[in-house]
Amino acid sequence: MKLQAIPDIKELDEEGELDPMKEEQSNPSGRITRRYPNKLIINVTNACPVYCRHCQRRRLIGNADKNTSKEDIDISIDFIRNHPAIREVLITGGDALLLNNNRLEYIFNELSQISHVEVIRIGTRVLATLPFRIDEELACLLRKYRVQLSTQFNHACEITPEAVRAIDILVDHGVLVRNQMVLLHNVNDDKYCIQKTNEELHKYRVINYYLFHPKDVKSTKHFQVDISKGLEIMKHLEGRTSGMCKPTYVYNAPGGLGKVPLVPMENIDCTEDRYRFTTWENKIITKDFKH
Ligand SMILES: *Cc1c(COP(=O)(O)O)cnc(C)c1O
Ligand code: SF4
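Note that this is a predicted model, so its numbers are computed, not measured.

*Asks:* Looking at this structure, I do not really get the site of ligand 2. What am I missing?
*Replies:* If you check the shell around ligand 2, you find Cys 48, Val 50, Tyr 51, Cys 52, Cys 55, Ile 61, Gly 94, Arg 125 and Gln 152 and nothing else. In terms of residue class, the shell around ligand 2 is built from six nonpolar, two polar and one charged.

*Asks:* Looking at this model, I keep getting lost on a nonpolar patch on the surface. Mind explaining?
*Replies:* On the surface, Leu 98, Leu 130 and Phe 132 cluster together to form a nonpolar patch covering roughly 270 Å² of accessible area. Following the sequence through the fold, Leu 130 ends up in the loop between α4 (126–129) and α5 (136–144). Owing to a relative accessible area of 30%, Leu 130 belongs among the partly exposed residues under this scheme.

*Asks:* Even after reading the chapter, I still don't get the pairing of strand β5 (residues 148–151), so can you show me in this structure?
*Replies:* Across a regular strand the side chains alternate sides, sitting on one face of the sheet and then on the other. Where burial is concerned, the two faces of β5 agree: the one with Gln 148 and Ser 150 and the one with Leu 149 and Thr 151 are both buried. Two elements, strand β4 (residues 119–123) and β5, share three bridges in a ladder whose sense is parallel. Residue pairing across strands places Gly 123 opposite Ser 150, the latter belonging to β5. With three bridges joining them, β5 and strand β6 (residues 177–182) adopt parallel strand pairing. Looking across to β6, one finds that Ser 150 is bridged to Arg 178. This β-α-β element, β5 to helix α6 (residues 161–172) to β6, shows right-handed connectivity.

So, how was this worked out
- Just so you know, the residues in each chain are numbered from 1, in the order the chain's sequence is written.
- Naming scheme: in the order in which they are written, chains are lettered from A and ligands are numbered from 1.
- At least 70 in pLDDT is required for a residue's local features to be given in this predicted model, at least 80 for side-chain atom pairs to be given and counted, and no such filter applies to totals for whole chains, interfaces and linings, which use all residues.
- Here the side-chain values reflect all heavy atoms present in the structure, with hydrogen atoms and water set aside.
- Whether a residue is near a molecule or strand depends on its heavy atoms: it is near if one of them lies within 4 Å of it.
- Amino acids outside the nonpolar list (Ala, Val, Leu, Ile, Met, Phe, Trp, Tyr, Cys, Pro) and the charged list (Asp, Glu, Lys, Arg) are all regarded as polar, and Gly is one of them.
- Residues qualify for a patch when their relative accessible area is over 30% and they have no salt bridge, like charges being joined within 9 Å and the nonpolar side chains of Val, Leu, Ile, Met, Phe, Trp and Tyr within 5 Å.
- Computed by Shrake-Rupley with a 1.4 Å probe, the accessible areas treat only the displayed protein chains as cover when residues are assessed.
- Salt-bridge detection follows one rule: a side-chain nitrogen of Lys or Arg within 4 Å of a carboxyl oxygen of Asp or Glu.
- Strands here are runs of E lasting at least two residues and helices are runs of H or I lasting at least four, both read from the DSSP assignment and numbered beginning at the N terminus.
- Each residue is placed in one exposure class: buried if its accessible area under a 1.4 Å probe, protein chains only, is under 20% of its type's maximum, exposed if it is over 50%, and partly exposed if it falls in between.
- Here, a strand pair is defined by DSSP locating no fewer than two bridges between the strands.
- A right-handed crossover is one whose linking path, passing over the helix from the first strand to the second, runs clockwise when the strands point away from the viewer.

Rendered as structure tokens:
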């Protein structure tokens, strides 16, 4: 776990880019990142309780903690108000739950008055890094605006009794909690480790949503893994655990081209005139094309 929190001399390696997702280039207004037609991100702060060494937004984080100004929040909300295609808004950072409840409520309230905004999602790692931030008051606030929550647990060790308490408060108040795990070399790039972590999350009613392949961000090269490793892990999870413990494995296409779901290669193959599938026990089955 320490690898996620303590700097490593390998971070001085200059390879990789600071912004491979070209988030800076998908910024139409305010503190917005928009890469898709009907959903976008607002960055509300660059502060986090713990600065993860593998962070994909390192370029924004660390030098000085700074919440986005009210002016920039308002500009971002105006953009959403003027773009009826936007049905979902992700509020993230840094860690969005480092804002105080008043500031959060201001944002939720403004967004909830925009009729085309159907879903508000918040991105936070406090469940793992500052679980005491979650209390009844916050859970009621999230419930009031039906805010859904995405978090990041990368290893079963992070699911401490304090984290479980935080998850319970949220879920008991009807807040959906989803996990977006990052595959990280020497932290969790092991099929049994990921199975165990996902099963623990499932047990505590967290939805296993994504397993992210690590992005090629500068100073995080020592966390890189080959895609074959991720595919092997996904293949392992099939049939050996609940479908609820099997997130979608995703590669973020460079240049801001979006998320690409990755599926073990043997699962489906189209050869000659038929599909060929490999089941979880490696039995081969075929199905004819429908002409
Ligand atoms: C990941 C991401 C989203 C949310 O995508 P989902 O697949 O709906 O979770 C939205 N906007 C940007 C720019 C993203 O990178
Ligand atoms: S909590 Fe998220 S944004 Fe903050 S340092 Fe960790 S990965 Fe980066």
